[in-house]
Amino acid sequence: MDAFRALPATARTTLGRHRERAVTDQSALHAVLDEALVCHLGVIVDGCPVVLPTGYGREGDILYLHGSAANRSLAAAVQGEVCVTVTLLDGLVCARSVFHNSMNYRSAVIFGRPRLVTGEAERLAALRVISEHLIPGCWEYARQPSRKALAATAVLALALDEASVKVRAGGPSDEEEDHALATWAGVLPVGMAIGRAEPDPLLPPGVPLPPHVAALQARWSGGGGVPEPGGPASRLER
Ligand SMILES: Cc1cc2nc3c(=O)[nH]c(=O)nc-3n(C[C@H](O)[C@H](O)[C@H](O)COP(=O)(O)OP(=O)(O)OC[C@H]3O[C@@H](n4cnc5c(N)ncnc54)[C@H](O)[C@@H]3O)c2cc1C
């Protein structure tokens, strides 16, 4: 476990509501980014806000994003400020009153001005980070990107200099007078699951499932991604 390092707080990363749900340790930000697979990139394109889901990877205090060199969001992103969000949904909170229904989550919001990565070495390293974030072990196993593929790919680096983490954990926040109601209340844990691998029908005969894919399947299968009560979300809350 890293030593406590506070996330740099700015006016726009300071929580307004439910400030007690803020987690200010940099390692909590890293944990959310490392566990989730998808981020949402919010950017102004031609004067209009656009928020698109995309993959990413983290190396130290840098978030890497990539996409087609023709990607309009990525092109706009390097012209100004962006907001990237990452969400882990941990549970559906069923309350005694519909008003108090809620969700348990760990989420991160990152602001900044990304830079276009132009150096070949950093571009390759970043693509490796993004690929390995999704499928650990794939970079060494699969064919490396061709020069043509590299030329068609834009890579952005966003420093994790201005970010917030918010966590909700636990049961419903019902009003005390409702506790006597015969209405079920509690939490349905939610997590990510990966199903059984489906081999591509175009595979030549006899190609085995590689160990890194089997490991990924085993890690997340059978509801293995569903958090236990007192799981990661509650551990993050301080
Ligand atoms: C899965 C999920 C479902 C949610 N559903 C609802 C809902 O239905 N209704 C609702 O009102 N809210 C919901 N929230 C909470 C929501 O994200 C906001 O935190 C909340 O609405 C407060 O909004 P605000 O504009 O007052 O933000 P403020 O607290 O004023 O935001 C100020 C700053 O705090 C930080 N911040 C705020 N929210 C988050 C966050 N979630 N994660 C990390 N940093 C954050 C950001 O840096 C932001 O710029 C949900 C969150 C998640 C993750």
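Reading the values: rules and limits
- Residues numbered from 1 in each chain as written.
- Predicted model: local features only at pLDDT ≥ 70, side-chain atom pairs only at ≥ 80, totals over all residues.
- Helix = DSSP H or I, 4+ residues; strand = E, 2+ residues; numbered from the N terminus.
- Contact = placed C-beta atoms within 7 Å.
- Near = placed C-beta within 6 Å.
- Nonpolar A, V, L, I, M, F, W, Y, C, P; charged D, E, K, R; others polar.
- Pairing = 2+ DSSP bridges.
- Axes fitted to C-alpha atoms, helices over the stretch in contact; angles between N-to-C directions.
- Core = buried A, V, L, I, M, F, W, Y, C linked by C-beta atoms within 7 Å.
- Buried ≥ 20, exposed ≤ 12 C-beta atoms within 10 Å, placed from the backbone.
- pLDDT = per-residue confidence, 0-100.

> Describe the overall build of the protein, naming the residues involved and giving the relevant values.
Within the protein, the secondary structure is distributed over 7 helices and 11 strands. Long-range pairs, those at least 24 residues apart, make up 75% of the contacts in the protein between residues at least 6 apart in sequence.

> Break down the site of the ligand for me, with residues and values.
The environment of the ligand is made up of 15 residues, and the closest members are Gly16, Tyr105, Ser107, Ser164 and Lys166. Those elements giving two or more residues to the shell around the ligand turn out to be β6 (82-94), β7 (102-112) and β10 (162-168). Looking at the shell around the ligand, its residues break down into 7 nonpolar, 5 polar and 3 charged.

> Talk me through the sheet that holds strand β4 (residues 57-59); I want residue IDs and the actual numbers.
In a beta sheet, neighbouring strands are held together by backbone hydrogen bonds and run either parallel or antiparallel to one another. Taking strand neighbours across the sheet as the criterion, the 4 strands line up as β4-β5-β9-β8 in an open arrangement whose pairing is antiparallel. Each edge of the sheet is formed by a strand with only one pairing partner; in this case those strands are β4 and β8 (115-116). Sheet analysis places strand β5 (residues 62-68) next to strand β9 (residues 153-159), joined by 7 bridges and oriented antiparallel. In the sheet register, Gly67 faces β9, and the bridge partner there is Ala154. Seen against the sheet, helix α3 (residues 120-134) touches β4, β5 and β9 and runs at an angle of roughly 95 degrees to β5.

> Kindly report on the nonpolar core, identifying the contributing residues and their values.
Formed by 36 residues in total, the largest nonpolar core has its most connected members in Leu29, Val32, Leu63, Tyr64 and Ala108. The element that contributes the greatest number of residues to this core is helix α1 (residues 26-35), accounting for 5 residues. When residues no more than four places from it in sequence are discounted, the contact partners of Tyr64 are Tyr56, Gly57, Glu59, Ala126, Val129, Ile130, Val155, Leu156 and Ala157.

> Mind laying out the pairing of β6, listing which residues take part and the relevant values?
Consecutive side chains of a regular strand alternate in pointing toward one face of the sheet and then the other. The pairing of strand β2 (residues 39-45) with β6 spans 4 bridges and is antiparallel. What sits directly across from Cys39, in β6, is Val86. The pairing of β6 with β7 spans 11 bridges and is classified as antiparallel. Following the sheet pairing, Val86 is matched in β7 by Ala108. Of the strand pairs in this sheet, β6 and strand β11 (residues 186-189) are connected by 4 bridges, and their pairing is antiparallel. Looking across to β11, one finds that Val93 is bridged to Val187.

> Before we move on, can you summarise the pairing of β9 with the specific residues and values?
Sheet analysis places β8 next to β9, joined by 2 bridges and oriented antiparallel. Paired with Leu116 across the strands is Leu156, a residue of β9.

> Before we move on, could you go through the confidence of the model for the protein and cite the residues and values that matter?
Chain-level statistics for the protein give a pLDDT mean of 92 and a share of 92% at 70 or above. Residue range residues 232-238 is modelled with pLDDT below 50. Its contacts to residues more than four positions away, or to other chains, number 17 contacts.

> Account for the environment of Ala214, with residues named and values stated.
You can see Ala214 is positioned in helix α6 (residues 211-220). For Ala214, a count of 13 C-beta atoms within 10 Å puts it in the partly exposed group.

> Can you explain the environment of Gly42? Please cite residues and give values.
Tracing the backbone through its elements, the reader meets Gly42 in strand β2. Taking the C-beta count within 10 Å as the criterion, Gly42 has 19 such neighbours and is therefore assigned partly exposed. When the C-alpha atoms of Gly42 and Arg147 are compared, they prove to be 29 Å apart, with 105 residues separating the residues in sequence.

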